[in-house]
Amino acid sequence: MSAKRLYLIVVAAAVVVHLGVLWNGFVLDDLSIILANPLVQGLSGIWRAFGTSYFPSNIDVSAYRPLTVATYALDWSTHSTAWFHAVNLMWHVGASVLVALLARRWAGDAAGLIAGLVFAVHPAHVEAVANVVGRNELMAAVFTLLAVYAALERGSVWWSLAAMAAGVLSKENGAVAPGLIAWAWLLGVRPAPPRRKLAVFVASWLFLGVAYLGLRWTVLHGFLRGPGNTAPVFLGLDSFEIRLTATAALGDVARLLLFPLALSADYSPDHRTAVRSLLDGRLAVGVVALCLWALLLGLAWRRGRKVEAFGLGWIPIAYSPVANLLFPIQILIAERTLYLPSVGLALAVGAMCRGLAGRRLAAVGALVVVLGGARSALRVPVWRDQHSVALGLIRDAPRSYFTWRYVGWDHLWAGRYDRAIRAFRVSSDIFPRDARVYISAAHAEYALHHPAAAESLLSRADAVCERCVTLYRGEAFFSRMRGDSVTADWLTAHERSLRSSPPP
């Protein structure tokens, strides 16, 4: 099979399976990062993005992903929601081709084809492709793959460094590229460079790390922590319990990578709850998943299956920034965060199929496309609009407080205020420690001209998130977007009173 034909097959699989994203709108974080972000809504945002946080300053100021925001500003100039999604699809196609390219170079045509197809149609990727803000995952993955390719295949320090810089400016997990490159050298996937050049590589990584941290500190200084920087499931847990919960979550990670039949846009309490004991059965599942991975890696290493071992090692290296084992982050599990780690799975599976040819290769490729592609294609419409996402959450995670918070928002946005309040009440009953639920419910009460009920809800919000003024700013912004300036004024007045009152 020619290289051109191989890559065209991978491109076709990625496009056909995800073509439905072109009819999707803006949902979930798209609303705050794109629709509610004035920075995005002008071409000046392309360069201004490098001087501000990822989230709008009235919502959160704890992340720095300027290159991704710059692409949103460029897309906004087309005045086409479909174009936003088309760009996401193009990034996914690029990542799929790069996976196929690396696998083909390291293990042959059959490996390249299967690896490319596995990555192109993997159901866990739908969230990153179908939700516009998933682009930060797509871009970080593409640039990380380019950094690995430039270092291992071209031996280029500077092209690899440029790709790494673009990766970390797209999303922070691009910082794993040096670990992936070093892992390949250690295994002998490609020979390590001479000592002098190796020293240049290491020096370039150190330089990039210092430069990035300095830039991030300069831009976000004083705003390094914003509301919601710890996953709700971790609230009230000590360091040991956080690691227990994160280890248990590895069972979900393994399931999503290997058997992604059940998918969900959310894994919050009580859909997933904390693990506080070594005797919790969920911890045992996570430990078993970890042990099976270690066993497979050991077997591949002992048998000299370098590419398979590299792929298996890629998974934890790429997953480490979001695993909550090194440090806690805003989420316990999210399917979009598996986008870069799943490259390792695709490479390992592709390398395992290197001996296939003819009908056997065609059969395996067809099986991957049919099974993975069908699940992915059916998942794409879940991200069509806010109402579709709400219905999907009710079906996939009915015990999640976030589900009912989002359902409440769907009702609120549509002007169904009584239904919104009921949904927010369910959400707060499941998990009473998220101030955003009470503020949104107050939004609905204000819209119904029930100021006393609204003020009571805001008091509850203040009790669980003391002086979280950015939450009020965000809610007021969305009130104005709905055309409800009266509610926005009420929320703004409450926010000002918090800022002006002395701390207790």
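For the structure itself, consult the block above.
What counts as what
- Chains are numbered independently. Their residues run from 1 in the order of the written sequence.
- Note on the predicted model: pLDDT of at least 70 is required for a residue's local features to be given, and 80 or more for side-chain atom pairs to be given and counted; whole-chain, interface and lining totals, by contrast, use all residues.
- In computing side-chain values, all of the structure's heavy atoms are included and hydrogens and water are not.
- We count a stretch as a helix when DSSP gives it H or I for four or more residues in a row; a strand needs E for two or more, and each element gets its number in order from the N terminus.
- For a helix, the expected span equals 1.5 Å multiplied by the number of residues minus one.
- Residue burial is assigned from relative accessible area. The probe radius is 1.4 Å, only protein chains are included, and a residue is buried under 20% of its type maximum, exposed over 50%, and partly exposed in between.
- In this context, the arc is that of the directions from the helix axis out to the C-beta atoms.
- Whenever Lys or Arg places a side-chain nitrogen within 4 Å of a carboxyl oxygen from Asp or Glu, that contact is recorded as a salt bridge.
- Put plainly, a pocket is an open set of points on a 1 Å grid over the protein atoms alone with protein on both sides within 12 Å along at least five of seven lines, a cavity is a set where a 1.4 Å probe fits but cannot get out, and a lining residue has an atom within 4 Å of a point.
- Grid points are joined across faces, edges and corners, and a volume is the space filled by probe spheres set on the points.
- Note on residue classes: Ala, Val, Leu, Ile, Met, Phe, Trp, Tyr, Cys and Pro are nonpolar, Asp, Glu, Lys and Arg are charged, and everything else, Gly too, is polar.
- Patches in this entry comprise residues that are over 30% relatively accessible and not in a salt bridge; like charges within 9 Å are linked, as are nonpolar side chains (Val, Leu, Ile, Met, Phe, Trp, Tyr) within 5 Å.
- Throughout, the Shrake-Rupley method with a 1.4 Å probe supplies accessible areas, and for residues the shown protein chains are the sole cover considered.
- Every axis in this analysis is a line fitted to C-alpha atoms, fitted for helices over the stretch in contact. Angles between the N-to-C directions lie between 0 and 180 degrees.
- Roughly parallel means an angle under 35 degrees; roughly antiparallel, over 145; roughly perpendicular, 65 to 115; everything else is oblique.
- A crossing counts as left-handed when the near helix is turned anticlockwise from the far one by less than a right angle, and as right-handed when that turn is clockwise.
- Contacts are assigned to residue pairs that have any heavy atoms within 4.5 Å of one another.
- The definition of a nonpolar core used throughout is a set of buried Ala, Val, Leu, Ile, Met, Phe, Trp, Tyr and Cys residues joined through side-chain atoms within 4.5 Å.

S.K.: Where do I start with the environment of aspartate 418 in this structure?
M.R.: If you trace the backbone, aspartate 418 turns up in helix α20 (residues 417–430). Once the C-alpha coordinates of aspartate 418 and leucine 101 are considered, the two residues, 317 residues apart in sequence, prove to be 54 Å apart.

S.K.: Teacher, can you tell me more about helix α22 (residues 451–464) here?
M.R.: What sets the pattern is the α-helix's 3.6 residues per turn: residues three or four places apart point alike. Here α22 is 14 residues long and its end C-alpha atoms lie 20 Å apart, about the 20 Å a rise of 1.5 Å per residue gives. Residues of α22 that are buried include every one of Ala454, Leu457, Leu458, Ala461 and Asp462, and no others. Down the axis of α22, the buried set is contained in an arc of 145 degrees. They therefore lie on one face. Facing away from the buried side of α22 by over 90 degrees, the exposed positions are Ala452 and Ala463.

S.K.: Where do I start with the pattern of salt bridges in this structure?
M.R.: Pairs can form between side chains of opposite charge whenever their charged atoms are close. A complete count under the given rule lists 19 salt bridges for this structure. Notably, a salt bridge pairs aspartate 109 with arginine 104, separated by 2.9 Å at the nearest N-O pair. Overall, the relative accessible area of 30% leaves aspartate 109 in the partly exposed class.

S.K.: Is there a simple way to think about the layout of surface pockets in this case?
M.R.: Over the atoms rolls a probe the size of a water molecule, and its path tells where empty space is left. Put simply, the second largest pocket is a space of about 790 Å³. Listed by contribution, the elements that provide at least two residues to the lining of the second largest pocket are α13 (250–258), α14 (281–302), α15 (306–319) and α16 (342–352). Considering every element that reaches the lining of the second largest pocket, the biggest residue donor is α14, with 7 residues. Here the residues of the lining of the second largest pocket are counted per class, giving 23 nonpolar, 1 polar and 3 charged.

S.K.: Teacher, can you tell me more about a nonpolar patch on the surface here?
M.R.: A cluster of nonpolar residues, Val288, Leu292, Leu295, Leu296 and Leu299, forms a patch on the protein surface that exposes about 440 Å² of accessible area. Take leucine 296: it is sitting in helix α14. Of the residues examined, leucine 296 reaches a relative accessible area of 48% and is grouped as partly exposed.

S.K.: When you look at the packing of α20 against helix α21 (residues 435–447) in this model, what are you seeing that I'm missing?
M.R.: Helix packing geometry: the angle between the two helix axes and the distance between the axes. Look at α20 against α21: their axes get within 9 Å of each other, and the N-to-C directions meet at 160 degrees. One way to sum up the angle between α20 and α21 is to call them roughly antiparallel. Between α20 and α21 lies a crossing of left-handed hand. Taken together, the residues of α21 that come into contact with α20 (itself represented by Tyr417, Ala420, Ile421, Phe424, Ser427 and Ser428) are Val437, Tyr438, Ser440, Ala441, Ala444, Glu445 and Ala447. Split by residue class, the contact of α20 with α21 holds 9 nonpolar, 3 polar and 1 charged.

S.K.: For this particular structure, what's the right way to read the nonpolar core?
M.R.: As a rule of thumb, nonpolar side chains are buried together in soluble globular proteins. Core analysis: the largest hydrophobic core is formed by 133 residues, its most contacted members being Ile34, Tyr72, Trp106, Phe310, Trp314, Leu347 and Trp383. Tallying contributions element by element places helix α5 (residues 81–107) first for this core, with 12 residues. Apart from the residues lying within four places of it in its own chain, the contact partners of tyrosine 72 are Ile33, Ile34, Val40, Tyr54, Phe84, Val132, Val133, Arg135 and Asn136.

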